[in-house]
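# A closer look at the structure
Chain by chain, the residues run as shown.
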Number of protein chains: 2
Amino acid sequence: MLNHITQTTLLLDEEKCRRNIAMMAEKAARNNIRLRPHFKTHQSAQVGEWFREAGTEAITVSSLKMARYFAMHGWKDIMVAIPVNIRDMALVNELAEKIKLHLVAVNIETVQALAKHLQHPVNLWLKIDTGYRRTGILPHSHEELDAIVALLEESERLQFTGVLAHDGHTYKQTDAEAIRTIHHTTVFLLNLVRDRYKARFPELQVSIGDTPSCSILQTITGVDEIRPGNFVFYDLTQQHIGSCSFEQIAVCMACPVIAKHPERNEIIVHGGSVHFSKDSLVGADGSLIFGRVVELTENSWSEPLEGIELVSLSQEHGTIRASKELFDKYKIGDLMGILPIHSCLTADAMGNYTTLDGKRLEHLSGIAK
Amino acid sequence: MLNHITQTTLLLDEEKCRRNIAMMAEKAARNNIRLRPHFKTHQSAQVGEWFREAGTEAITVSSLKMARYFAMHGWKDIMVAIPVNIRDMALVNELAEKIKLHLVAVNIETVQALAKHLQHPVNLWLKIDTGYRRTGILPHSHEELDAIVALLEESERLQFTGVLAHDGHTYKQTDAEAIRTIHHTTVFLLNLVRDRYKARFPELQVSIGDTPSCSILQTITGVDEIRPGNFVFYDLTQQHIGSCSFEQIAVCMACPVIAKHPERNEIIVHGGSVHFSKDSLVGADGSLIFGRVVELTENSWSEPLEGIELVSLSQEHGTIRASKELFDKYKIGDLMGILPIHSCLTADAMGNYTTLDGKRLEHLSGIAK
């Protein structure tokens, strides 16, 4: 298979990927909660089918466009987990007519606009800011919450379904205990908000969503559903956090060697920021790394090699710094395997996948815009 | 026009863009050198036509795939300005049959592979590392150069055409004098290499390529062609370097406001790293900025506003921090204009353009992969 790869390619190990899916589906089943996986990581109809085979029925996406793509591929229960863009009411209504659409609001203006312009029922979730401080309503903003809930109570088409949070701050941790504390705080705060409105909305649900806490915790209580996304592929960032082992990372870039510079032990590959994205990790010596080199084999790839790293990116070039010994192993025209720092962004930049048996899978970003 | 924009959109001001093209075409004509613009910035057949109307006949691209795209759109003289990927000889030969193809080599292994597998003539350039230290042959590596040139002399299909460099280190400067010095050093070194082989190859050419030096210098001597790319749109990085004024920046993101957080004067827009890319600049207070806010008007947009900046990006969310006064001006559902840090990467991430009169232009990355 590797001999047929002529250009920079994103490899996908289907077996590892299916194992990651099965692991999370099993964890959700064991805890008696719904897995509503975030499909923004893979954005692929075919990878979506692997979830379907593992029993997934409800999914999460991060834009209305992505919801339309997966609706087209037969998904009937979709949450758009970003504050709804009220400029795009036409698409909201188009989707609400066809599927069970879940929208997220973080302020009364959005709820007012929805109440006014919706032509079909939707499920509305309030996003609560439990500590990440990106967006969401603060759990103690009772006045704001009460005003929104009063509006929801009156609205014919808006069905107040639950409260949710995204613990983006777990991605900055490398200590499992810190991640547990963040998770328990979030579950506590979401339940406080739910309890405030439980009498009037007895079916209200609680939903959380980050890959680190969903990966690290074995027992998850106090929530009705989880929405992790990145776990489908994992990456070096998640390994650094402690969410996964190297062995679970299911995607790997394959980049042709186009130049070698023996005077500084640097190898240049065709693979730059338009392929990897510019996300980085801080390496052992404090410098940034943009990927780690593995050995490609016919069946998959090795763990990262020591002493060889992707240290800089321009638009189409990647610079790999190596020990003398590893530098000597590669020659012009070889294919190098490189694990990505952030698989969501790398997949979005690449626009498709090649499985180890040579199948081509699509990604929404690689479909004509 | 703005009322019709419902989703995150990359706006292109055709007038500014055509002015940038005309300015560089005129400078090249005045200096009696060839403009071989780098099309990796726009990657658009339609923007390519604006160059054609300004007299451009020869172009530069950064991958064989991009060469194929522009060949399909009628370009007959294309340089692939990255060390050639010898795994993709099939595509090299396909292109070499159809167009005047210019390839770049930085080592003897590549030249040997080309000499062996080429089925049609190509123009070969040697890339010289004149100080950037990404890739290229050092100008004093006479043994290596001589061995390659000897091979070229023997080869039937490889036509030794010239020596070129890319001064990527000018992008780290903000002092016009430093940029001039880098430029003059490069021209000096390239001419040294040319002179070494001039007797045997009297037609050898010299080509340089960075946007900062091509923008800042008015008089350019000692070279046969220039290959700037970014100038077609410019961006905040080029303005920071001193290559352009704010007024010359020809692309601007339009992002819907999806949330507002009065307690910290932060506005959340639908526009994240999958839209902007993750390139950043260091702001006045040392913190990173990912874009600057402008006022959108029906005819174009203003200069950047003071006291309001895009300060962080996640996959689909952008966080804008504003003064109280500017914070109050925007409401949920408004469209915010944001100038990109690096227009090449933003255009690649977005995959298409919308002109101010509502035309949709393509970008190679938005065409089915």
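Starting afresh in each chain, residues are numbered from 1 along the sequence in its written order. Lettering for chains starts from A, numbering for ligands starts from 1, and both go in the order in which the items are written. Residues qualify for local features only when their pLDDT is at least 70, as the model is predicted, and side-chain atom pairs are given and counted only at 80 or more; totals for whole chains, interfaces and linings, by contrast, use all residues. Hydrogens and water molecules were not included; the side-chain quantities draw on all heavy atoms of the structure.

The name given to chain A in an unreviewed UniProt entry is D-serine deaminase, pyridoxal phosphate-dependent, and the organism recorded there is Pontibacter lucknowensis. UniProt positions are given in the numbering used here, feature names are shortened, and annotations may be inferred rather than shown by experiment. Taken verbatim from the UniProt record of chain A, the Sequence similarities (unreviewed entry) comment is "Belongs to the DSD1 family."

### Observations concerning the overall build of chain A
Only DSSP runs of H or I with at least four residues qualify as helices, and only runs of E with at least two residues qualify as strands; both kinds are numbered from the N terminus onward. A tally of helices and strands in chain A yields 12 helices and 19 strands. What the globule rule says is 2.2 Å times the number of residues to the power 0.38, and the radius of gyration is computed from C-alpha atoms. What you see for chain A is a C-alpha radius of gyration of 22 Å, in line with the 21 Å of a compact globule of 369 residues. Overall size of chain A, expressed as C-alpha extent along the three principal axes, is 70 × 40 × 35 Å. When accessible area is computed with a 1.4 Å probe and restricted to protein chains, residues below 20% of their type maximum are described as buried, those above 50% as exposed, and intermediate ones as partly exposed. Across the 369 residues of chain A, 66% fall into the buried class. Contact definition: two residues touch when any of their heavy atoms are within 4.5 Å. Once local pairs closer than 6 in sequence are excluded, the contacts in chain A between residues at least 24 apart make up 64%. The charge count includes Lys and Arg as positive and Asp and Glu as negative, but it does not include His or the ends of the chains. The location of each charge is read from NZ of Lys, CZ of Arg, CG of Asp or CD of Glu. When the 38 basic and 45 acidic side-chain charges of chain A are each reduced to a single mean position, those positions are 3 Å apart.

### Examining the UniProt feature "domain: D-serine dehydratase-like" (unreviewed entry) in chain A
Cross-referencing UniProt, the feature "domain: D-serine dehydratase-like" (unreviewed entry) maps to residues 250–357 of chain A in the present numbering. As a span, residues 250–357 of chain A carries 17% helix and 43% strand, and end to end its C-alpha atoms are 14 Å apart.

### Observations concerning the interface of chain A and chain B
The partner chain B presents 67 residues to the 67 residues of chain A that form the contact. Approximately 5,000 Å² of surface area, both sides summed, lies buried where chain A meets chain B, with 49% of it carried by carbon and sulfur atoms. A carboxyl oxygen of Asp or Glu within 4 Å of a side-chain nitrogen of Lys or Arg is what we treat as a salt bridge. Scanning the region where chain A abuts chain B turns up three salt bridges. With its nearest N and O atoms 3.1 Å apart, the salt bridge here joins B:Asp279 to A:Lys278. Of all the secondary structure elements, the ones that give two or more residues to the side of chain A that touches chain B are helix H3 (64–72), strand E4 (77–83), helix H5 (108–117), strand E10 (251–261), strand E11 (266–270), helix H10 (273–276), strand E16 (317–322) and helix H12 (343–350) of chain A. Gly counts as polar in this scheme, as do all residues outside two lists: the nonpolar Ala, Val, Leu, Ile, Met, Phe, Trp, Tyr, Cys and Pro, and the charged Asp, Glu, Lys and Arg. Of the residues assigned to the side of chain A that touches chain B, the class counts are 24 nonpolar, 23 polar and 20 charged. Buried area is understood as the total, over both parts, of accessible area removed when two parts are fitted together, assessed with a 1.4 Å probe.

### Points about helix H6 (residues 142–154) of chain A
All names here are of chain A. Expected helix span is taken as 1.5 Å per residue step, with the number of steps being one fewer than the number of residues. The terminal C-alpha atoms of H6, which comprises 13 residues, lie 18 Å apart, in line with the 18 Å expected from a rise of 1.5 Å per residue. Taken as a whole, H6 has its buried residues at Leu145, Ile148, Val149, Leu151 and Leu152. Buried residues of H6, viewed axially, fall in a sector of 155 degrees; they line one side. In H6, the exposed positions that point more than 90 degrees away from the buried face belong to Glu143 and Glu154. Where H6 is buried, its residues meet H5, strand E6 (122–127), strand E7 (158–164) and helix H7 (176–197). Each C-beta atom gives one direction from the helix axis, and the arc is the one those directions make.

### Points about the packing of H5(A) against H6(A)
Residue and element names in this part refer to chain A. The convention used is that axes are lines fitted to C-alpha atoms, helices contributing only their stretch in contact, and that angles between N-to-C directions extend from 0 to 180 degrees. Here H5 crosses H6 at 10 degrees, and the two axes come no closer than 10 Å. The orientation of H5 with respect to H6, classified from their angle, is roughly parallel. Across from Ile108, Val111 and Gln112 in H5, the residues of H6 making contact are Ala147, Ile148, Leu151 and Leu152. Here is the rule for angles: anything less than 35 degrees is roughly parallel, anything more than 145 is roughly antiparallel, 65 through 115 is roughly perpendicular, and the remaining ranges are oblique.

### Looking at the pairing of strand E3 (residues 58–61) of chain A
Residues A:Ala58 and A:Thr60 point to one face of E3(A) and A:Ile59 and A:Val61 to the other, with burial holding for every one of them. Seen with its strands pointing away from the viewer, a crossover is right-handed if its path from the first strand over the helix to the second goes clockwise. Where the polypeptide runs from E3(A) across H3(A) and back to E4(A), its parallel neighbour, the crossover connection is right-handed.

### Considerations on the domain arrangement of chain A
In this document the domain limits rely on a domain assignment from an automatic tool or a database. Entries for chain A in the domain assignment read domain 1 (2–9 + 245–364) and domain 2 (76–228). Computed over C-alpha atoms only, the centres of domain 1 of chain A and domain 2 of chain A are separated by 37 Å.

### Describing the pairing of strand E5 (residues 100–105) of chain B
Residues and elements named next belong to chain B. In terms of residue burial, E5 counts as a mostly covered element, since five of its six residues are buried. When strand E4 (residues 77–83) meets E5, the two strands line up parallel, connected through four bridges. In the strand pairing of E5, Ile78 is matched with Leu101. Chirality of the crossover, the property in question, places the unit of E4, helix H4 (residues 89–98) and E5 among those that are right-handed. Sheet analysis places E5 next to strand E6 (residues 122–127), joined by four bridges and oriented parallel. Among the inter-strand pairings, Ala105 is bridged to a residue of E6, identified as Leu126. Any two strands between which DSSP finds at least two bridges are classified as paired.

### A look at the state of the cysteines
Should the sulfur atoms of two cysteines be covalently bonded, the bond is a disulfide. Here, two cysteine sulfur atoms that lie within 2.5 Å of each other are counted as a disulfide. Taken as a whole, this structure holds zero disulfides over all chains when the rule is applied. The closest cysteine sulfur to the non-disulfide-bonded A:Cys252 is located on A:Cys255, 8.4 Å from its own sulfur. Among the cysteines around B:Cys244, which has no disulfide bond, B:Cys344 carries the closest sulfur, lying 12 Å off.

### Looking at the relation of the copies chain A and chain B
Two chain copies, one operation linking them: a rotation about an axis together with a shift along it. The operation relating chain A to chain B is a screw motion whose rotation component is 180 degrees, with 0.0 Å of axial translation and a residual RMSD of 0.0 Å. Put plainly, the chains are arranged around a two-fold axis. Within chain A, A:Ala368 has its C-alpha nearest the rotation axis, a separation of 2.2 Å. Both copies share a contact surface, since 100% of the interface residues of chain A are interface residues in chain B too. When the copies are overlaid, the least-squares fit takes in C-alpha atoms only where the residue has pLDDT of at least 70 in both copies.

### A look at the pattern of salt bridges
The final tally for this structure, using the stated rule, is 47 salt bridges over all chains. Residue A:Arg19 is joined to A:Glu15 by a salt bridge in which the shortest nitrogen-to-oxygen separation is 3.4 Å. Of this pair, A:Arg19 and A:Glu15 both sit in helix H1 (residues 14–30), four residues apart, which is roughly one turn of the helix. A residue is classified by how much of its surface remains accessible, and A:Glu15, at 56% relative accessible area, is exposed. If you follow the salt bridges from partner to partner, you end up with A:Glu263, A:Arg264, A:Glu266, A:Arg321, B:Asp129 and B:Arg133 in one network.

### So, unusual backbone geometry
Here A:Asn32, not a glycine, exhibits a phi torsion of approximately 60 degrees, which is positive. Residue position: A:Asn32 is located in the loop between H1 and strand E2 (34–35). Even without glycine at this site, B:Ser277 takes up a positive phi of about 75 degrees. Residue position: B:Ser277 is located in the loop between helix H10 (273–276) and strand E12 (281–282). Overall, the relative accessible area of 11% leaves B:Ser277 in the buried class.

### Quick word on the packing of aromatic side chains
Residues and elements named next belong to chain A. Put simply, two rings from Phe, Tyr or Trp (the six-membered ring, in Trp's case) pair if the centres are within 6.5 Å, and we call them stacked under 30 degrees between planes, edge-to-face over 60, tilted for the rest. In this structure the tally under the stated criterion is 16 aromatic pairs over all chains. Ring centres 5.0 Å apart and planes at 70 degrees place the aromatic pair Phe39 and Phe70 in the edge-to-face group. With a gap of 31 residues between them, Phe39 in the loop between E2 and helix H2 (45–53) and Phe70 in helix H3 connect regions that are remote in the sequence. You'll find Phe39 and Phe70 in the same group, each marked buried.

### So, the sheet that holds strand E9 (residues 225–226) of chain A
Residues and elements named next belong to chain A. In space, the eight strands of this open sheet follow the order E2-E9-E8-E7-E6-E5-E4-E3, with parallel pairing throughout. Edge positions in the open sheet fall to E2 and E3, since each of these has one partner strand only. Bridge count for E2 against E9 is two bridges, and the pairing is parallel. Each residue of the ladder has a partner; that of Arg34, found in E9, is Glu225. Of the strands in this sheet, E7 and strand E8 (205–208) touch H7, which is tilted by about 155 degrees from E8.

### Quick word on the side chain of A:Ser63
Within the element layout of this structure, A:Ser63 appears in the loop between E3 and H3. Contacts of A:Ser63, omitting those with residues within four sequence positions, involve A:Val80, B:His270 and B:Glu316.

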